[in-house]
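As a plain string of letters, each chain reads:
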Amino acid sequence: MKTAPALPGLRYYLPPVTAPDAEPTRADVVVYGATSGGVTTAVRAAQEGMSVLLLAFDDHVGGMSAAGLGTTDVGRPETVGGMARHFYAQVAAAYHAPDPHWGVEAHVAEEIFTRWLSDAGVRVRHRQHLTGVTMTDGRITELRTDDGNRYRATVYVDASYEGDLMAAAGVTYTVGRESRDSYGEPLAGVQYSDNHQFTLDVDPWRESGRPESGLLPGISADPYEAIGTGDHRVQAYNFRLHVTTSARRLPFPEPEGYDPDRYELLRRYVEAGGYELFGRTTEVRPGVFDMNNHGAVSSDHIGANYDWPEADYARREEIFQDHVRYQAGLLHFMATDARLPAAVREDTRRYGLAPAEFTGTAHWPHQLYVREARRMVSSYVITQHDAAGRIAAADPVALASYVMDSHNTKRVLVDGRPATRATSSIR
């Protein structure tokens, strides 16, 4: 991949390091994607006596649980069971805390998942990137990766966030926001959100008061669509950083290609009195925090991810590095730019990257938070009606307990001033 990394050692795609096997590798179950779902699927299958092979896209296992998303959106705790409940019991044991313990550092999560895989006898192969499948009578009979390996199994599981294996197998899917009419969902499609909006007046033009100068970076020139309209857009991605207030904290780095002008909209918002950057920074252990998006301009790189779900690896690398540059640059800007109030810079510098996390990737998470991508369309599709309790699947396989929550997809002008637009996809 030719795209230069924004921070040392930090890449989406890591070249294969193993030579291909002479013959296809066989297992009862092949799981593609070492997300937390992929790990637990592989472990449970192995515990049932099956031979299992887990194919990890990079050098890690555990997905976002091991990539910075340490704050668990629990909902009703009594609904958490099975392997998830067992995981949080082991998190509690790791911290010598009461069971369950819902906050977890990335390295602790990965240590638990790695131990599970080893204890269950799951074979794990890293840097395995899907290139294609062979189909026979509508079923996958072989999976191929770009290191030349071939995998044959009775059952294949797509545990990737993007649904790459699903798509390669010809499964029907959708990307973006369905319209309100697709499934009769009042909250589908384009929605207005009261959350994470501009609460102060900010001029959106590159030259204040002059629309002919063009919009500031981060604002779309697209029109303000009708509520309920469907489109291809997906909710914004970001990186879930581990930050700390410890004296050992590391300064927010200046990424390669840093451009302070990219944050002029944020600078004007701060100038007007808005400062919300750490409003969703949640402690996962004393002094260590999971930093999430909060406010009108924050770590969500709104509008920059539309291509990701169906993109090839080279295009995803470009999008990945752009997200690194945006988010690292934003923090560096807030901590150092002399045009900002000293109090804002000082408050930003109270935090820094946690030195114990992500040591191989400049202490930055190795995985982008892909909140949604492809979504399978099958004989039963979960919709707002399920989430609201108006209908229920006859043969459920999982239980969720949380609010219908989504991040913004686009920043546009409303009555001449910037505003963000949400999506209400819950699949």
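Scroll up to find the structure this text is about.
Right, let's walk through the structure included here. (Residues numbered from 1 in each chain as written. Predicted model: local features only at pLDDT ≥ 70, side-chain atom pairs only at ≥ 80, totals over all residues. Heavy atoms only, no water.)

## A few points about the layout of surface pockets
Item 1. Computed from the structure, the second largest pocket encloses a volume of approximately 270 Å³.
Item 2. Along the walls of the second largest pocket sit 19 residues, with His60, Phe358, Gly360, Thr361 and His366 positioned nearest its centre.
Item 3. When the residues that make up the lining of the second largest pocket are grouped by side-chain class, the tally is seven nonpolar, seven polar and five charged. (1 Å grid on protein atoms, 1.4 Å probe; cavity = no way out; pocket = protein on both sides within 12 Å on 5 of 7 lines; lining within 4 Å. Points joined across faces, edges and corners; volume = space filled by probe spheres on them. Nonpolar A, V, L, I, M, F, W, Y, C, P; charged D, E, K, R; others polar.)

## Comments concerning the pattern of salt bridges
Item 1. Taken as a whole and assessed by the stated rule, the structure comprises 33 salt bridges.
Item 2. Between Asp164 and Arg316 there is a salt bridge, with its nearest N and O atoms 2.9 Å apart. Remark: Arg316 occurs in helix H6 (residues 313-336) and Asp164 occurs in helix H4 (residues 164-168); sequence separation between them is 152 residues. Take Asp164 and Arg316: they sit in the same class, and that class is buried. (Salt bridge = Lys/Arg side-chain N within 4 Å of Asp/Glu carboxyl O. Helix = DSSP H or I, 4+ residues; strand = E, 2+ residues; numbered from the N terminus. Buried < 20%, exposed > 50% of the residue type's maximum accessible area, 1.4 Å probe, protein only.)

## Examining the sheet that holds strand S5 (residues 139-145)
Item 1. Strand order in this open sheet of six strands is S3-S2-S1-S6-S5-S4, and the pairing throughout is mixed. Edge positions in the open sheet fall to strand S3 (123-125) and strand S4 (130-136), since each of these has one partner strand only. This sheet shows a mean twist of 40 degrees between the axes of neighbouring strands, independent of strand direction.
Item 2. In the sheet, S5 pairs with strand S6 (residues 150-158) via two bridges, with the strands oriented antiparallel. (Pairing = 2+ DSSP bridges. Axes fitted to C-alpha atoms, helices over the stretch in contact; angles between N-to-C directions.)

## Structural notes on helix H5 (residues 264-272)
Item 1. Among the nine residues of H5, seven are classified as buried, and the element is accordingly described as predominantly covered.
Item 2. Those residues of H5 not exposed but buried are Glu264, Leu265, Leu266, Arg267, Arg268, Tyr269 and Val270.
Item 3. Positive phi appears at Gly273, one or two residues downstream of H5, with a value of about 115 degrees.

## Some details on empty space enclosed by the protein
Item 1. Evaluated as defined, the whole model comprises three cavities of 30 Å³ or more.
Item 2. Size it by volume and the largest cavity reaches roughly 340 Å³.
Item 3. In terms of lining, the largest cavity is formed by 23 residues, of which the most central are Phe57, Asp58, Tyr161, Glu162 and Gln367.
Item 4. For the lining of the largest cavity, the residue count by class is eleven nonpolar, seven polar and five charged.
Item 5. By volume, the second largest cavity is sized at about 60 Å³.

## Some remarks on the sheet that holds strand S12 (residues 281-285)
Item 1. Within the open sheet, the four strands sit side by side as S12-S13-S11-S14. Their pairing is antiparallel. Looking at which strands have only one partner, the edges of the open sheet turn out to be S12 and strand S14 (352-353).
Item 2. In terms of strand pairing, strand S11 (residues 241-244) meets S14 through two bridges, oriented antiparallel. For Val243, the partnering residue across the bridge sits in S14 and is Leu353.

## Here we look at the pairing of strand S1 (residues 25-32)
Item 1. Buried residues dominate S1, accounting for six of its eight residues.
Item 2. With seven bridges joining them, S1 and S6 adopt parallel strand pairing. Residue pairing for S6: Val29 is matched across the bridge by Val155.
Item 3. Sheet topology places S1 next to strand S2 (residues 52-55); four bridges connect them, and they run parallel. Within the sheet, the bridge partner assigned to Val29 lies in S2 and is Val52.

## Focus: the packing of aromatic side chains
Item 1. Tallied over the entire structure, the rule returns 21 aromatic pairs.
Item 2. Relative to Trp308, the ring of Tyr12 has its centre 5.1 Å away and its plane inclined at 70 degrees; by these criteria the two rings are edge-to-face. Placement of the pair is Tyr12 in the segment before S1 and Trp308 in the loop between strand S13 (288-291) and H6, with a sequence separation of 296 residues.
Item 3. An angle of 65 degrees between the planes, with centres 5.8 Å apart, marks the rings of Phe239 and Trp364 as edge-to-face. You can see Phe239 sitting in the loop between strand S10 (210-215) and S11 and its partner Trp364 sitting in the loop between S14 and strand S15 (375-376), a full 125 residues away along the chain. Trp364 shares its class with Phe239; the two are buried.
Item 4. Above the face of the Tyr173 ring, Arg374 is positioned so that its terminal group lies 5.1 Å from the ring centre. (Phe/Tyr/Trp six-rings, centres within 6.5 Å; stacked < 30°, edge-to-face > 60°. Lys NZ or Arg CZ within 6 Å of the ring centre and 35° of its normal.)

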